[in-house]
Amino acid sequence: QVQLVESGGGLVQPGGSLRLSCAASGNILTIYVMAWYRQVPGKQREWVAGTTSGGFGSYADSVKGRFTISRDNAKNTVYLQMNSLKPEDTAVYYCKANIRATMSDTSDYWGQGTQVTVSS
């Protein structure tokens, strides 16, 4: 059984910063791509950023230059450092990880989500 648990969301003023964390636990052989998504009510979940097992990061245009994704493979954890936050960044943020749990099973797992609200 694999679990992803996010933390670090909250309320922040425009221009402020937050750091999200997502830790994977359980039966894990290998974690491949880890990524962050976000969703606002009434809209589809959108990809924000992703990182390979080697630490190569990629970003949606809307967050490029403001957000930084990183991971600690020893801790099975991915982070999202969010700077210069804007009201339009307000959303529930989810992490997703592609995990090999057994020799015959590689699947995508999702966290439960953490709310980020950017407002004055």
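Above this text is the structure in question.
Residues numbered from 1 in each chain as written. Predicted model: local features only at pLDDT ≥ 70, side-chain atom pairs only at ≥ 80, totals over all residues. Heavy atoms only, no water.

A.B. asks: Outline the sheet that holds strand β1 (residues 2–7), listing residues and values.
C.D. replies: Taken in spatial order, the 4 strands line up as β1-β3-β8-β7 in an open sheet, and their pairing is antiparallel. What marks the edges here is a single partner per strand, and that holds for β1 and β7 (67–72). Looking at each pair of strands side by side, their axes are set apart by 15° on average, direction ignored. Of the pairings in the sheet, the one linking β7 to strand β8 (residues 77–82) comprises 6 bridges and is antiparallel in character. Looking across to β8, one finds that Ile69 is bridged to Leu80. (Pairing = 2+ DSSP bridges. Helix = DSSP H or I, 4+ residues; strand = E, 2+ residues; numbered from the N terminus. Axes fitted to C-alpha atoms, helices over the stretch in contact; angles between N-to-C directions.)

A.B. asks: Quick one: what's the story with the packing of aromatic side chains, residue by residue and with numbers?
C.D. replies: The full count for this structure, using the stated rule, is 2 aromatic pairs. On the basis of an interplanar angle of 80° and a centroid distance of 6.5 Å, the ring pair of Tyr94 and Trp110 is categorised as edge-to-face. Taken together, the residues Tyr94 in strand β9 (residues 91–102) and Trp110 in strand β10 (residues 105–110) connect sequence positions 16 residues apart. Tyr94 sits in the buried class, given a relative accessible area of 14%. These aromatic residues form a ring-pair network of at least three members: Tyr37, Tyr94 and Trp110. The residue whose ring lies beneath Arg19 is Tyr79, and the NZ or CZ to ring-centre distance is 4.0 Å. For the cation-ring pair, Arg45 lies above Tyr94, with the distance from its terminal atom to the ring centre recorded as 3.7 Å. (Phe/Tyr/Trp six-rings, centres within 6.5 Å; stacked < 30°, edge-to-face > 60°. Buried < 20%, exposed > 50% of the residue type's maximum accessible area, 1.4 Å probe, protein only. Lys NZ or Arg CZ within 6 Å of the ring centre and 35° of its normal.)

A.B. asks: Can you tell me about the side chain of Glu6, naming the residues and giving the values?
C.D. replies: Inspection of the secondary structure assignment puts Glu6 in strand β1. Buried within the structure, Glu6 lacks any salt-bridge partner; Arg45 is the closest side chain of opposite charge, at an N-O distance of 7.5 Å. Only 2.5 Å separates the side chain of Glu6 from the backbone nitrogen of Gly113, close enough to count as a polar contact. Setting aside residues up to four positions removed in sequence, Glu6 forms contacts with Ser21, Cys22, Trp36, Tyr93, Tyr94, Cys95, Gly111, Gln112, Gly113 and Thr114. (Lys, Arg positive; Asp, Glu negative; His and termini not counted. Salt bridge = Lys/Arg side-chain N within 4 Å of Asp/Glu carboxyl O. Polar contact = N/O pair within 3.5 Å; in protein donor to acceptor, adjacent residues only side chain to side chain. Contact = heavy atoms within 4.5 Å.)

A.B. asks: Any details on unusual backbone geometry? Residues and values, ideally.
C.D. replies: Residues apart from glycine generally show negative phi values, whereas peptide bonds are mostly found in trans. Positive phi outside glycine occurs at Asn76, with the angle close to 50°. Locating Asn76 in the fold gives a position in the loop between β7 and β8. On the basis of relative accessibility, which here comes to 24%, the residue Asn76 falls in the partly exposed class. The phi dihedral of Ser84 is positive, around 50°, even though this residue is not glycine.

A.B. asks: How would you summarise the environment of Leu11 if you had to cite specific residues and measurements?
C.D. replies: Counting through the fold element by element, Leu11 comes out in strand β2 (residues 10–12). Once residues within four sequence positions are removed from consideration, Leu11 is found in contact with Thr117 and Ser119.

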